Amino acid sequence: MATKKGDYFGLAYIVSLILAIIPFTAWICGMITRFSEGKIVAGIIRIFGGWLIWILDLICMIFSKHICRVLPV
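Residues numbered from 1 in each chain as written. Predicted model: local features only at pLDDT ≥ 70, side-chain atom pairs only at ≥ 80, totals over all residues. Heavy atoms only, no water.

J.: So what about the pattern of salt bridges? Which residues, and what values?
T.: Across all of its chains, the model carries two salt bridges by this definition. One salt bridge connects Arg34 with Glu37, and the closest N-O pair in it is separated by 2.8 Å. You can call Arg34 buried: its relative accessible area is 2%. Residue Asp57 pairs with Arg46 through a salt bridge whose shortest N-O separation is 2.8 Å. Of the two residues, Asp57 sits in helix 4 (residues 50–64) while Arg46 sits in helix 3 (residues 40–48), which places them 11 residues apart along the sequence. A relative accessible area of 1% places Asp57 in the buried class. (Salt bridge = Lys/Arg side-chain N within 4 Å of Asp/Glu carboxyl O. Buried < 20%, exposed > 50% of the residue type's maximum accessible area, 1.4 Å probe, protein only. Helix = DSSP H or I, 4+ residues; strand = E, 2+ residues; numbered from the N terminus.)

Below, the structure written as structure tokens:
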């Protein structure tokens with residue numbers, strides 16, 4: 001039986017939401033998550049635009065329970 005993986009390191013939704021609320025942890029976790037998925041360009045975008053993406057992540061986590069995927073490829 002496959003379990004659904006959370007957005008930050010496979011953690012549960014509530015833990016991911018708590019991490020997304022704190023700007024610095026959302027920036028670091030989002031960057032590491034994208035690099036670990038093999039999305040190098042998306043990780044680089046999160047390095048330089050992390051504070052803007054933090055707001056999008058927070059909104060997406062609250063309404064859709066997933067982090068914002070700027071580059072879904």
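J.: A description of helix 2 (residues 23–36) should follow, citing residues and the corresponding values.
T.: The terminal C-alpha atoms of helix 2 lie 20 Å apart, and with 14 residues this matches the ideal 20 Å at 1.5 Å per residue to within 8%. Along its buried surface, helix 2 packs onto helix 1 (13–21), helix 3 and helix 4. Positioned one or two residues after helix 2, Gly38 has a phi angle of 85°, which is positive. (Expected span 1.5 Å × (residues − 1). Contact = heavy atoms within 4.5 Å.)

J.: Can you explain the environment of Ile32? Please cite residues and give values.
T.: Relative to the helices and strands, Ile32 is located in helix 2. The class for Ile32 is partly exposed, based on a relative accessible area of 38%. In the structure, Ile32 is positioned 24 residues away from Tyr8 in sequence and 8.7 Å away in space, judged by C-alpha atoms.

J.: Account for the environment of Ile44, naming residues and giving values.
T.: Within the element layout of this structure, Ile44 appears in helix 3. For Ile44, a relative accessible area of 38% puts it in the partly exposed group.

J.: Go over the packing of aromatic side chains, please, and point to the residues and values.
T.: Summed over all chains, the structure comprises two aromatic pairs. A centroid spacing of 5.8 Å and a plane angle of 55° characterise the contact between Phe24 and Trp27, whose relative ring orientation is tilted. Highlighted residues: Phe24 and Trp27, both in helix 2, separated by three residues, approximately one helical turn. Aromatic side chains Trp27 and Trp51 sit 6.0 Å apart centroid to centroid with 20° between the ring planes, which places their arrangement in the stacked category. On the criterion of sequence distance, the pair formed by Trp27 in helix 2 and Trp51 in helix 4 is long-range, its members being 24 residues apart. Overall, Trp51 belongs to the partly exposed group, its relative accessible area being 47%. The structure contains a cluster of three or more aromatic residues connected by ring pairs, namely Phe24, Trp27 and Trp51. Seen from the ring of Tyr13, Lys65 lies directly overhead, with NZ or CZ sitting 5.3 Å from the centre. (Phe/Tyr/Trp six-rings, centres within 6.5 Å; stacked < 30°, edge-to-face > 60°. Lys NZ or Arg CZ within 6 Å of the ring centre and 35° of its normal.)

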